[in-house]
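Architecture at a glance
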Amino acid sequence: MEKKRKLIGVCLSHAYEDINSSLLPALCRGAEKRGWKLIIFNSFNDMFDNDKYDRGARSVFDAVNYDLMDGLIIGSDTFYDRELVNSIIRSCEAAKVPVISLGVSLPGCACVIPDYRDSYKTLLNHVIRDHEARDTFFIAGVEGEVHSDTRI
């Protein structure tokens, strides 16, 4: 009997953005090397406004059949709608599907979180030392968001 190929789901928003558009091909290559298949669920909205458009875009994640998944990767830092992220995780737990969270540490998930503090410090040191900037301003991001807090 032929061995069943593993199916890994990937849930994220903004697949077209630089970080995601480089991540997805890398995930596909890694999965292919192992004989696995990926199925990608993407929304072009990050669910920031929670309006009718976000609610409509969110429905793509209703199409995930957790009973078919052998694992799920969620780009947790691509969604502002924490309830959506928690709902996906709860559905995985109910179906006993292991979850990897990208960008945000979440209970019940293996987490992969990039640490770019050293790079950010190097950038700021360059601006201050090499360009002699004395009065610097920057936009850190959305208050309470993990990467924004790190930048501050």
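The present account deals with the structure reproduced in this document.

What counts, and where the lines are drawn
Residues numbered from 1 in each chain as written. Predicted model: local features only at pLDDT ≥ 70, side-chain atom pairs only at ≥ 80, totals over all residues. Heavy atoms only, no water. Core = buried A, V, L, I, M, F, W, Y, C linked by side-chain atoms within 4.5 Å. Buried < 20%, exposed > 50% of the residue type's maximum accessible area, 1.4 Å probe, protein only. Helix = DSSP H or I, 4+ residues; strand = E, 2+ residues; numbered from the N terminus. Contact = heavy atoms within 4.5 Å. Expected span 1.5 Å × (residues − 1). Pairing = 2+ DSSP bridges. Axes fitted to C-alpha atoms, helices over the stretch in contact; angles between N-to-C directions. Salt bridge = Lys/Arg side-chain N within 4 Å of Asp/Glu carboxyl O. Polar contact = N/O pair within 3.5 Å; in protein donor to acceptor, adjacent residues only side chain to side chain. Phe/Tyr/Trp six-rings, centres within 6.5 Å; stacked < 30°, edge-to-face > 60°.

**Focus: the nonpolar core**
Of all hydrophobic cores here, the largest spans 21 residues; its most connected members are Cys11, Phe61, Leu72, Ile74 and Ile88. Among the secondary structure elements, those contributing two or more residues to this core are strand E3 (71-74) and helix H3 (82-94). Sort the elements by how many residues they give to this core and H3 lands first, with five residues. Apart from residues lying up to four places away in sequence, Cys11 is in contact with Phe41, Phe61, Val64, Leu72, Ile73, Ile74, Gly75, Phe79 and Ile88.

**Thoughts on helix H4 (residues 117-130)**
The terminal C-alpha atoms of H4, which comprises 14 residues, lie 19 Å apart, in line with the 20 Å expected from a rise of 1.5 Å per residue. Residue Glu132 follows H4 closely and has a positive phi angle near 55 degrees.

**A short note on the sheet that holds strand E4 (residues 99-102)**
Strand order across the open sheet formed by five strands is E2-E1-E3-E4-E5, with parallel pairing between neighbours. In this open sheet, the two strands that pair with only one neighbour each are strand E2 (37-43) and strand E5 (110-112). Shown here is a sheet whose adjacent strand axes are inclined to one another by a mean of 20 degrees, direction ignored. Bridging between E4 and E5 involves three bridges; their strand directions are parallel. If you follow Ile100 over to E5, its bridge partner there is Ala110. Helix-sheet contacts for helix H1 (residues 18-33) involve strand E1 (7-13), E2, E3 and E4, and the interaxial angle to E1 is about 180 degrees. Packing of H3 onto the sheet brings it into contact with E1, E3 and E4, and relative to E3 it is tilted by some 170 degrees.

**So, the pairing of E4**
As paired strands, E3 and E4 are joined by three bridges and run parallel to one another. The residue of E4 that forms the bridge with Ile73 is Ile100.

**What about the pattern of salt bridges?**
All chains considered together, the criterion is met by three salt bridges. Note that Lys4 and Asp70 form a salt bridge whose closest N and O atoms lie 3.6 Å from each other. In this pair, Lys4 is assigned in the segment before E1 and Asp70 in the loop between helix H2 (52-58) and E3, connecting sequence segments 66 residues apart. By relative accessible area, which is 56% here, Lys4 ends up exposed. Residue Glu83 is joined to Arg90 by a salt bridge in which the shortest nitrogen-to-oxygen separation is 2.5 Å. Here Glu83 falls in the partly exposed class, since its relative accessible area comes to 42%.

**Focus: the environment of Asp46**
Within the fold, Asp46 resides in the loop between E2 and H2. Residues Asp46 and Glu93, 47 residues apart in the sequence, show an inter-C-alpha distance of 23 Å. Of the polar contacts made by the side chain of Asp46, one reaches the backbone nitrogen of Phe48; its length is 3.1 Å.

**Focus: the packing of aromatic side chains**
In total, this model carries three aromatic pairs according to the counting rule given. Seen in terms of ring centroids, Phe48 and Tyr80 are 4.9 Å apart; in terms of plane orientation they differ by 75 degrees. Their pairing is edge-to-face. In this pair, Phe48 is assigned in the loop between E2 and H2 and Tyr80 in the loop between E3 and H3, connecting sequence segments 32 residues apart. Seen from their ring centres, Phe61 and Phe79 are 5.3 Å apart, and the 80 degrees between their planes marks the pair as edge-to-face. Residue Phe61 is found in the loop between H2 and E3, and its partner Phe79 is found in the loop between E3 and H3; the two are separated by 18 residues along the sequence. For Phe79, a relative accessible area of 1% gives the class buried.

By themselves, these are just geometric observations and shouldn't be taken as functional.
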